[in-house]
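# Close look at the chain arrangement
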Amino acid sequence: MIPSENVIYQTRAWTILSRSFEQGRTAGTYLLFGPEGTGRWLLAVSFAALVNCEKPDKSGEGSGSTVPCGECRNCRNIFGLNFEGMHFAVPIPPHENKLDQAIDLTNEVLTAKREEPFAIVSSSASTNIPVAMAREIRRQLSMKSSSGIRRAVIFYQMEKMKTASADALLKMIEEPPADTTILLITQNPDSLLPTIQSRSQKIKVSPFSAQIIENYLLSHYSVSEKKARLMSRIAEGSVGRAIDALEGADEDEGSTRGVALLLFKSLFLDKGPETLAHMNDVLDLRDRGESEDLLRLWQLLIRDCARVSVTDEDDEIVNVDFGTDIRKLARYFNDAGLSARMVDDIKNTLADLRLNVHIQGALMALALRLKAHIQAAN
Amino acid sequence: MKFSLAKSKLANYLQYILQVVPSKSTLPILTNVLIEALENKIKISATDLDISIASSIECKVAKKGSACIPARILFDIIKELPESEINFEATGQRVEIKIPNGSYKIASVPPDEFPKLPAVNTKKEIRISGEQLVGMVKKTTFATSDDETRPALNGVLWQTKGDKMQMVATDGHRLAKMAVENTKLKGLYDDVIVPPKVLNLIPKFVTQESQEIGVIFGENNIIFNLGDIILTSRLIEGPYPNFEQVIPTNNDKKLIVTKEDLARAVRRVSILSNALTHQVKFSLKGTSLTLSTTNADVGGEGKEILECDYTGEDIELGYNANYINDILGKLDGEEAVFELSSSVSAGVIYSPETSKDDYLCLVMPLRLAD
């Protein structure tokens, strides 16, 4: 993990953060919000490094923003997630709420983040930020900080904080102790308590361009240019999602993309309720992350089909490896309004999933609605 | 880094050091010890971020340097070795432990990943009596709170007051305050709140009554210089609540009772007390103190009558048996004095052999069960 990547990839968000540091107006609490896998974690870690860096680089790799040097002891330890002034609260699977267990599970997430800071971890609905860790962080922050260190507390996927954890931390988040910066990371800032939102400096983190994602994949993974281009186009601006797709793409039919295509085709080709049965068979319907990935891929497939139905040009297809299937399915999209209706329904279901609705029920209802739209249009 | 020393010497220090090494942490470096080979000695350090310990051990150093290695693995190897001279040598990313008939190699991590420990500035050190400090620690830390919603009460308030230094601990239900003569600290520092964890380690290192301990009060931490062992602890953020206002000064009822008799009776009757509240009823009438308990869960009752010296109106109070016994265990002498007011106000407990100003405890009564 090198600090300059922030400046290159999330210039706007980094400029806001670094400027607050340069002007000596570092906020107590920052709320970094945006899609998963777009570098919010890296921004938070880099900011923790900047406020503790022994030799901040004011030239900022030519960006004009100050960046941490990445070489001093504090920078190296912070980027290695091994710094005495850093605390982490991340969503973890259910456990007995004992601190030792919570630490073990948290370490699994941190290990994944050390290896790949853009990795999307713990997207399952059953994970949450545990009370035991929240209390431990509160205890740590009730102690005076070590001299010369600005403490940084990173809350990853803040929307997954249990009410009891939020209660334990509310006062601390609203009024952080001296020499402490709290960095809240979330997809959906509106899901946080109004008091937390109002006390935080909100910074929007936007999706990346496909070119940035492609460059990242080529420079960090052994992947062909063709595959990197494909993954960057289907990732919807998320490096994390592109990496997930890259790992899934190695598994052919068993991959998330392969499954998504099969289920998508079933919406059109199976006249009965077979799609629902297939969904039950091939998806872990308790896993919100997997369900969200499926729906995002469906959105892209609908977009591809709609494009091909109008232009009939392969250049416009995002999922070029599914070109044959897309051309076959494009004939169902002669009704110009069909794609809009299908995409709207998928967006609504994605929003519902973020509100922790029953996943299986939401997906089944969506599949029935999409089939109804397809049958009405054809 | 290259040095050698006797197994028993190292094992002895490592067992102390291991007490602050966390078994689990989100910071991997904390499960390691930092070994620094200096001029004719090595320094071994460990920290859990709250407390740090650094031991200096005299030994033969062939080459200066430092290394960071897993604490528990090191300790497990050393404790199992037979008594002999052990040679340590850092080679690349590993530390080799050589014994006469073999060797062990442990992967090390860069020493600069280890948290920076506060520097020990002996010019700011104040030497105080180890006996005094240990006495204060033993008589106050038991009353600290473990309720993390009130962090200041998780520590012991250490302050100077006139020619005395005093420690105070309270969990909101009971309080212990001890003061001793000490002019060395007069006007030198503000009140500090010290975690009991570090204070409770000190008695383990004070082996002689005459031993003096160096204390350095920092803005954010406190350092105890125990000779070849340095203990450091971060301080707890204040403010500490105004405890003076809860100590009653005009309780009009006075009970004097034999401490050991009361402690034993409380232990016995509390067997049949409520499992949650541990409530024991104190009924004071004339020269008798009646202790009684009831436990509806097991359908049991306990009652004992003790002779006592009591002045004041008849009164009934409920106390947590554990709190009473904790306090009785800390009082000097054979008798305990209770100064009471009513069944809902704080009682003051002290020993007639010491002044109330030097050591007193306070306990809040429980609402009497019907």
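Residues numbered from 1 in each chain as written. Chains lettered and ligands numbered in written order. Predicted model: local features only at pLDDT ≥ 70, side-chain atom pairs only at ≥ 80, totals over all residues. Heavy atoms only, no water.

### A closer look at a negative patch on the surface
Spelled out, the test is: Patches were defined on residues exceeding 30% relative accessible area and lacking a salt bridge, with like-charge contacts within 9 Å and nonpolar side-chain contacts (Val, Leu, Ile, Met, Phe, Trp, Tyr) within 5 Å. For the area figures, the Shrake-Rupley method with a 1.4 Å probe applies, and any residue is considered shielded solely by the protein chains shown. We define a salt bridge as a side-chain nitrogen of Lys or Arg found within 4 Å of a carboxyl oxygen belonging to Asp or Glu. As used throughout, the charge tally considers Lys and Arg to be positive and Asp and Glu to be negative, leaving His and the chain termini uncounted. A charged residue contributes its charge at one atom only: NZ of Lys, CZ of Arg, CG of Asp or CD of Glu. For helices the rule is a DSSP run of H or I covering at least 4 residues; for strands it is a run of E covering at least 2, with both sets numbered from the N terminus onward.
On the surface, a cluster of negative charge is contributed by Asp309, Glu334, Glu335 and Glu353 of chain B. Structurally, the position occupied by Glu353 of chain B is in the loop between strand 25 (347-350) and strand 26 (359-363).

### Section: empty space enclosed by the protein
Leftover empty space is mapped by rolling, across the atoms, a probe with the size of a water molecule. Residues and elements named next belong to chain A. Selection criterion: Grid points spaced at 1 Å over the protein atoms alone were grouped into cavities, where a 1.4 Å probe fits but cannot get out, and pockets, open sets with protein on both sides within 12 Å along at least five of seven lines, with lining residues defined by an atom within 4 Å of a point. Grid points are joined across faces, edges and corners, and a volume is the space filled by probe spheres set on the points. Gly is placed with the polar residues, together with every amino acid not listed as nonpolar (Ala, Val, Leu, Ile, Met, Phe, Trp, Tyr, Cys and Pro) or charged (Asp, Glu, Lys and Arg).
The final tally for this structure, using the stated rule, is three cavities of 30 Å³ or more. What the largest cavity holds in volume is close to 70 Å³. Size it by volume and the second largest cavity reaches roughly 60 Å³. Glu36, Gly37, Thr38, Gly39, Arg40, Trp41, Lys113, Pro117, Phe118, Ala119 and Tyr156 are the residues that line the second largest cavity. Grouping the amino acids of the lining of the second largest cavity by side-chain chemistry returns five nonpolar, three polar and three charged.

### What to know about the sheet that holds strand 12 (residues 164-170) of chain B
Residues and elements named next belong to chain B. Applicable threshold: In this scheme, strands are said to pair when DSSP sees at least two bridges between them. Angles here are taken between N-to-C directions and fall from 0 to 180 degrees, while the axes themselves are lines fitted to C-alpha atoms, restricted in helices to the stretch in contact. Here a residue-residue contact requires only that any non-hydrogen atoms of the pair lie within 4.5 Å.
Spatially, 14-11-12-13-26-25-24-18-22 is the arrangement adopted by the nine strands of the open sheet, whose pairing is antiparallel. The sheet is open, and its two edges are formed by strand 14 (192-194) and strand 22 (309-311), each paired on a single side. Ignoring which end each strand starts from, the neighbouring axes of this sheet average 20 degrees apart. For strand 25 and strand 26, the ladder comprises three bridges, and the chain directions are antiparallel. By the bridge assignment, Ile349 is partnered in strand 26 with Cys361. The strands touched by helix 3 (residues 130-140) within the sheet are strand 11 (156-161), strand 12, strand 13 (174-181) and strand 26, with strand 13 carrying the most contacts at an inclination of about 170 degrees. Together, strand 18 (253-258) and strand 24 (335-340) form the strand contacts of helix 5 (residues 259-269), whose direction differs from that of strand 18 by roughly 85 degrees.

### A closer look at the nonpolar core
Stated precisely, the cut-off is as follows: Buried Ala, Val, Leu, Ile, Met, Phe, Trp, Tyr and Cys residues that are joined via side-chain atoms within 4.5 Å together make up what is termed a nonpolar core. Under the scheme applied here, a residue whose accessible area is under 20% of the maximum for its type counts as buried, over 50% as exposed, and between as partly exposed, the area being computed with a 1.4 Å probe on protein chains only.
Trp158, Phe224, Phe282 and Phe338 of chain B are the most contacted members of the largest nonpolar core, which totals 101 residues. Counting residues in hydrophobic clusters, the runner-up holds 59 residues, among them Val239, Ala245, Leu261 and Ile302 of chain A.

### Observations concerning the environment of Arg296 of chain A
Residues and elements named next belong to chain A. Inspection of the secondary structure puts Arg296 in helix 14 (residues 288-311). Taking relative accessible area as the criterion, Arg296 reaches 8% and is therefore assigned buried. Once the C-alpha coordinates of Arg296 and Leu350 are considered, the two residues, 54 residues apart in sequence, prove to be 8.6 Å apart. Ignoring anything within four residues of it in the chain, the contact list for Arg296 reads Gln187, Glu236, Arg241, Leu350 and Arg354.

### So, the state of the cysteines
How we decide: Any two cysteine sulfur atoms lying within 2.5 Å of each other are counted as a disulfide.
Summed over the entire model, instances satisfying the criterion amount to zero disulfides over all chains. Among the cysteines around Cys69 of chain A, which has no disulfide bond, Cys53 of chain A carries the closest sulfur, lying 3.5 Å off. Residue class for Cys69 of chain A comes out partly exposed when judged on its relative accessible area of 23%. With no disulfide of its own, Cys308 of chain B lies closest to Cys361 of chain B among cysteine sulfurs, the gap being 20 Å. Look at Cys308 of chain B and you get buried, because its relative accessible area is 11%.

### Focus on the side chain of Thr232 of chain B
With respect to the helices, strands and loops of the structure, Thr232 of chain B is situated in strand 17 (residues 229-234). If we ignore the near neighbours within four places in the chain, the residues touching Thr232 of chain B are Asp50, Ile51, Ser52, Pro118, Asn221, Ile222 and Ile223 of chain B.

### A word on the sheet that holds strand 2 (residues 32-38) of chain B
All names here are of chain B. Read across the sheet, eight strands follow the order 6-2-3-4-17-16-15-10 without closing on themselves; strand pairing throughout is antiparallel. Of all strands in the sheet, those with a lone pairing partner are strand 6 (65-70) and strand 10 (126-129), marking the two edges. For this sheet, the mean angle separating the axes of adjacent strands, direction not counted, is 20 degrees. Two elements, strand 2 and strand 3 (residues 41-47), share five bridges in a ladder whose sense is antiparallel. Paired with Ile35 across the bridge in strand 3 is Ile44. Those strands touched by helix 2 (residues 71-80) are strand 2 and strand 6, and its axis lies near 90 degrees from that of strand 6.

### Concerning the domain arrangement of chain B
For interface size, the figure often reported is the accessible area lost on association. Residue and element names in this part refer to chain B. As a reminder of what qualifies: All the domain ranges listed were derived from an automatic or database domain assignment. Two parts placed together each lose some accessible area under a 1.4 Å probe, and the buried area is that loss summed for both.
Taken domain by domain, chain B holds domain 1 (2-113), domain 2 (128-241) and domain 3 (247-363). For domain 2 versus domain 3, the separation of C-alpha centres amounts to 28 Å. Contacts between domain 2 and domain 3 engage twelve residues on the former and 13 residues on the latter. Roughly 1,200 Å² is buried in total at the junction of domain 2 and domain 3, and carbon and sulfur atoms are behind 54% of that figure. Considering only the surface of domain 2 that becomes buried against domain 3, Lys139, Arg174 and Lys177 emerge as the three largest contributors, covering 46% of it. For Arg174, the salt bridge identified is with Asp326, shortest N-O distance 2.8 Å.

### Observations regarding the packing of helix 9 (residues 210-220) of chain A against helix 10 (residues 225-234) of chain A
All names here are of chain A. Convention followed: Should an angle lie under 35 degrees it is considered roughly parallel, over 145 roughly antiparallel, and from 65 to 115 roughly perpendicular; all remaining angles are considered oblique. Helix crossings get a hand from a simple test, with the near helix turned counterclockwise from the far one by less than a right angle marking a left-handed crossing and a clockwise turn marking a right-handed one.
Contact pair helix 9 / helix 10: the axes reach a minimum separation of 8 Å and the direction vectors enclose 140 degrees. Considering their axes alone, helix 9 and helix 10 lie oblique with respect to each other. Where helix 9 crosses over helix 10, the two elements pack in a sense that is right-handed. Judged by residue contacts, Ala210, Ile213, Glu214, Leu217 and Leu218 of helix 9 engage Glu225, Ala228, Arg229, Met231 and Ser232 from helix 10. Here the contact of helix 9 with helix 10 is composed, by residue class, of six nonpolar, one polar and three charged.

### Digging into helix 2 of chain B
All names here are of chain B. For clarity, the threshold we go by: Note that the arc is computed from the directions linking the helix axis to the C-beta atoms.
For helix 2, the set of buried residues is Ala71, Leu74, Phe75, Ile77 and Ile78. Along helix 2, the residues classed as buried sweep out an arc of 165 degrees about the axis, all on the same side. Each element contacted by the buried residues of helix 2 is listed here: helix 1 (7-17), strand 2, strand 6, strand 7 (85-91), strand 8 (94-99) and strand 9 (102-107).

### Considering the pattern of salt bridges
The tally for this structure, following the rule as stated, stands at 37 salt bridges over all chains. Residues Glu225 of chain A and Arg229 of chain A are paired through a salt bridge, measuring 4.0 Å at the closest nitrogen-oxygen approach. Taken as a pair, Glu225 of chain A and Arg229 of chain A lie in helix 10 at a separation of four residues, close to a single helical turn. Exposure remark for Arg229 of chain A: the relative accessible area of 37% places this residue in the partly exposed category. When the shortest N-O distance is used, the salt bridge between Glu212 of chain B and Arg127 of chain B registers 3.9 Å. Taken together, the residues Glu212 of chain B in strand 15 (residues 212-217) and Arg127 of chain B in strand 10 connect sequence positions 85 residues apart. Three or more residues are tied together by salt bridges with common partners; here these are Glu136 and Arg139 of chain A together with Asp50 and Arg234 of chain B.

### Side note on the interface of chain B and chain A
What counts, and what does not: In the analysis that follows, any N or O atom pair within 3.5 Å is treated as a polar contact, provided that within protein one partner can donate a hydrogen and the other can accept it, and provided that, for residues neighboring in sequence, both atoms belong to side chains.
Contacts between chain B and chain A engage 24 residues on the former and 30 residues on the latter. In total, chain B and chain A occlude about 2,500 Å² of area from one another, counting both sides; carbon and sulfur atoms represent 46% of this. Among the residues chain B hides against chain A, the three largest losses belong to Lys24, Thr26 and Arg234 of chain B. Together they make up 25% of the total. At the boundary of chain B with chain A, the tally comes to six salt bridges. As a salt-bridge pair, Arg135 of chain A and Glu148 of chain B come within 3.0 Å of each other at their nearest N and O atoms. Along the contact surface separating chain B from chain A lie 18 residue pairs in polar contact (both at pLDDT 80 or more).

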